[in-house]
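Residues per chain are reported as follows:
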Amino acid sequence: MKDTSSTQISDDLPDTQDQPGASRRRFLKTTGLSALGAMLGMTVPFERHLPSGLVPVALAQDTGIDLMSGKDGLTMLGDRPLNAETPPHLLDDDVTPYKHLFVRMNGLVPQTALDANAEGWTLTIDGEVDNPLTLTLEDLKSKFENVTSRLVIECGGNGRAFFQPGTSGNQWTLGAIGCPEWTGVRLADVLKEAGVKPSAVYTGHYGNDVHLSGEEGKDVISRGVPIEKAMESDAIIAWAMNGEDLPALHGFPLRLIVPGYPASVSQKYLNRIWIRDKEHDGAKMTGDSYRLPAYPVAPGTEVPEEDMVILTEMPIKSIITFPQTGASVKAEAATEVRGHAWCGKGDVAAVHISTDFGQTWQEAKLEPAPNRFSWQRWRAEVVLPQHGYYEVWARAVDQDGISQPPVSPTWNPQGYANNIQHRIALVAEA
Ligand SMILES: Nc1nc2c(c(=O)[nH]1)N[C@H]1C(S)=C(S)[C@@H](COP(=O)(O)O)O[C@H]1N2
Ligand SMILES: [Mo]
């Protein structure tokens, strides 16, 4: 696995444009040195000695430290933008609490969110609709049925670290995933109120987070989904997570949750949904971003852009959340193993586990989902026959009989949708 300690690149492309060094250089080129002083609000006497490529600490939103203060046990992948994942054993809760929810920022947390200031916030629905809408939070809360559901968000790049050869972007292992409880209104209800025209093809989502370059009005990320997906009843426009206002890191005051798809479509800091008459072409919607080759390719292949297709449904997947990998258990005694399973198509069909490196499998007990697109709890009892080293492997199966591979699935240039089986180590004591 690659060294992740200095990962600062985007989850999207080897797009140097999004690296701090590049933005700093562009910043110097386009705005001149005195702008740095203006941004810091004071003169910078040794400005000429600031090495090119180094972002001044005061501008780096290294408030990363402060921003992470309510988080517990997450692994930092980078602080500009802020990215952190959760070790599997901290994802044991049925409903992921704030402290254990991964963070994926493509840009900087907007000031409105840092200040928890929703005053005057509106959500605009425009484009291919009969009645464009501009809704306040109050409008949303009062004019549409309120719904609460547990919905998985999983980064499209979760599992990227396991691909060989490695692909660029955040080296997520297993923990860019969570299943909090969201409260809001159905996206479909709001779109119906706006009156979607027959010409509608795609949604385009916008938020007010700040581009790493600091350039105003430059979109950080603007993705969308086919209009048919948006009109399903599962997607919600949420203002609360686990019964409280959305936290700054997770989209205050409003975000989309479009379950089943990579979480990049679940726009945080949501202020506009533009209904398009063609596939949306916003930031990180085109090129290689969140796209897979249309056909299987050999690892390391360069794939022409026109052969890349948008990643939609996330594959079947599971994690083992208990015991923690490396734990000691008693040989010849029943040991509980448990975790969660989820699938971009909806419900999971089954979970199997193995303690003999995949020679034999036993079926785990799988609980029904409280609602579609929640993850599902599974449990199994294993008996390890004698003292020694074991591994527990877990594999979930989807409604079509498709399961998780024991090694990374088909390689793709940006390292998306890796649903390799999760394995933990167990030591059985006599
Ligand atoms: N406005 C905005 N929305 C965004 C992003 C972002 O950078 N800005 N990142 C997306 C990506 S790539 C992911 S994986 C999820 C992460 O959600 P979380 O940080 O709440 O866990 O938010 C999505 N929505
Ligand atoms: Mo993501």
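Throughout, a residue's number is its position along its own chain's written sequence, starting from 1. Naming scheme: in the order in which they are written, chains are lettered from A and ligands are numbered from 1. With pLDDT at 70 or above as the cut-off, local features in this predicted model cover only qualifying residues; side-chain atom pairs require 80 or more to be listed or tallied, and sums for whole chains, interfaces and linings still use all residues. As a rule here, side-chain values come from all non-hydrogen atoms in the structure, and water together with hydrogens is ignored.

1. Structural notes on the sheet that holds strand 18 (residues 327-330)
The condition that has to hold: In this analysis, strands are considered paired if DSSP registers two or more bridges between them. For helices the rule is a DSSP run of H or I covering at least 4 residues; for strands it is a run of E covering at least 2, with both sets numbered from the N terminus onward.
The strand order across the open sheet formed by five strands is 18-25-24-20-21, and the pairing between neighbours is mixed. Unpaired on one side and paired on the other, strand 18 and strand 21 (362-363) mark the two borders of the sheet. Pairing of strand 20 (residues 348-354) with strand 24 (residues 388-398), which is carried by six bridges, proceeds in the antiparallel orientation. Along strand 24, the bridge assignment pairs Val 351 with Ala 396.

2. Remarks on the site of ligand 1
Here is the rule: It suffices for a single heavy atom of a residue to lie within 4 Å of a molecule or strand for the residue to be listed as near it. Counting of polar contacts relies on pairs of N or O atoms within 3.5 Å, with two restrictions inside protein: one atom must be capable of donating a hydrogen and the other of accepting it, and residues adjacent in sequence are counted only when both atoms are side-chain atoms. Only the protein chains shown count as cover for residues, and all accessible areas are computed by the Shrake-Rupley method using a 1.4 Å probe. When residues are grouped by polarity, Ala, Val, Leu, Ile, Met, Phe, Trp, Tyr, Cys and Pro land in nonpolar, Asp, Glu, Lys and Arg in charged, and all others, Gly among them, in polar.
Around ligand 1 lies a shell of 20 residues, among which Asn 106, Asp 209, His 250, Arg 255 and Lys 268 are the nearest. One of the backbone N or O atoms of Phe 102 is found 2.8 Å from an oxygen atom in ligand 1. Contact distances for ligand 1 include 2.5 Å between an oxygen atom and a side-chain N or O atom of Lys 268. Out of a free accessible area of 530 Å², ligand 1 has 100% covered by protein chains. Looking at the shell around ligand 1, its residues break down into ten nonpolar, five polar and five charged.

3. A few points about the pattern of salt bridges
Using the following cut-off: Take a side-chain nitrogen of Lys or Arg and a carboxyl oxygen of Asp or Glu: if they are within 4 Å of each other, that pair is a salt bridge. Residue burial is assigned from relative accessible area. The probe radius is 1.4 Å, only protein chains are included, and a residue is buried under 20% of its type maximum, exposed over 50%, and partly exposed in between.
Throughout the structure, instances matching the rule amount to 19 salt bridges. A salt bridge links Asp 398 to Lys 345, with the shortest nitrogen-to-oxygen separation between them at 2.6 Å. Remark: Lys 345 occurs in the loop between strand 19 (334-342) and strand 20 and Asp 398 occurs in strand 24; sequence separation between them is 53 residues. Among the ionic pairs, Glu 391 bridges to Arg 423, the shortest N-O distance being 3.1 Å. Taken together, the residues Glu 391 in strand 24 and Arg 423 in strand 25 (residues 422-429) connect sequence positions 32 residues apart. A relative accessible area of 46% means that Arg 423 is categorised as partly exposed.

4. A word on the packing of aromatic side chains
We describe a pair of aromatic rings using the distance from one ring centre to the other and the angle between the two ring planes. Applicable threshold: Note on ring pairs: Phe, Tyr and Trp rings are taken, using the six-membered ring of Trp, and paired if centres are within 6.5 Å. Classes follow the plane angle, with under 30 degrees stacked, over 60 edge-to-face and the rest tilted. Only Lys NZ and Arg CZ are tested; either one counts as a charge over a ring when it is within 6 Å of the ring centre and within 35 degrees of the ring normal.
Counted by the stated rule, this structure contains four aromatic pairs. With 6.1 Å between their ring centres and 85° between their planes, Phe 102 and Trp 172 make a pair best called edge-to-face. Pair noted here: Phe 102 is in the loop between strand 2 (82-85) and strand 3 (103-104) and Trp 172 is in the loop between strand 7 (153-154) and strand 8 (177-178), with a separation of 70 residues, a long-range link. Exposure remark for Phe 102: the relative accessible area of 5% places this residue in the buried category. Using a relative accessible area of 0% as the deciding quantity, one classes Trp 172 as buried. Residue placement shows Lys 71 over the ring face of Tyr 98; its charged tip is 3.8 Å from the ring centre.

5. Structural notes on unusual backbone geometry
Note the cis peptide between Arg 80 and Pro 81, where omega equals -5°. Looking at where Pro 81 falls in the secondary structure, it is placed in the loop between strand 1 (75-79) and strand 2. Cis rather than trans, the peptide bond between Gln 164 and Pro 165 has omega equal to -5°. Positive phi, close to 50°, is recorded for Asn 242, a residue that is not glycine. One can find Asn 242 in the loop between strand 11 (236-241) and strand 12 (244-245). Overall, Asn 242 belongs to the partly exposed group, its relative accessible area being 26%. For Lys 284, which is not glycine, the phi torsion reads 65° and is therefore positive. Structurally, the position occupied by Lys 284 is in the loop between strand 14 (270-276) and strand 15 (291-293).

These figures come from the coordinates and say nothing about function on their own.
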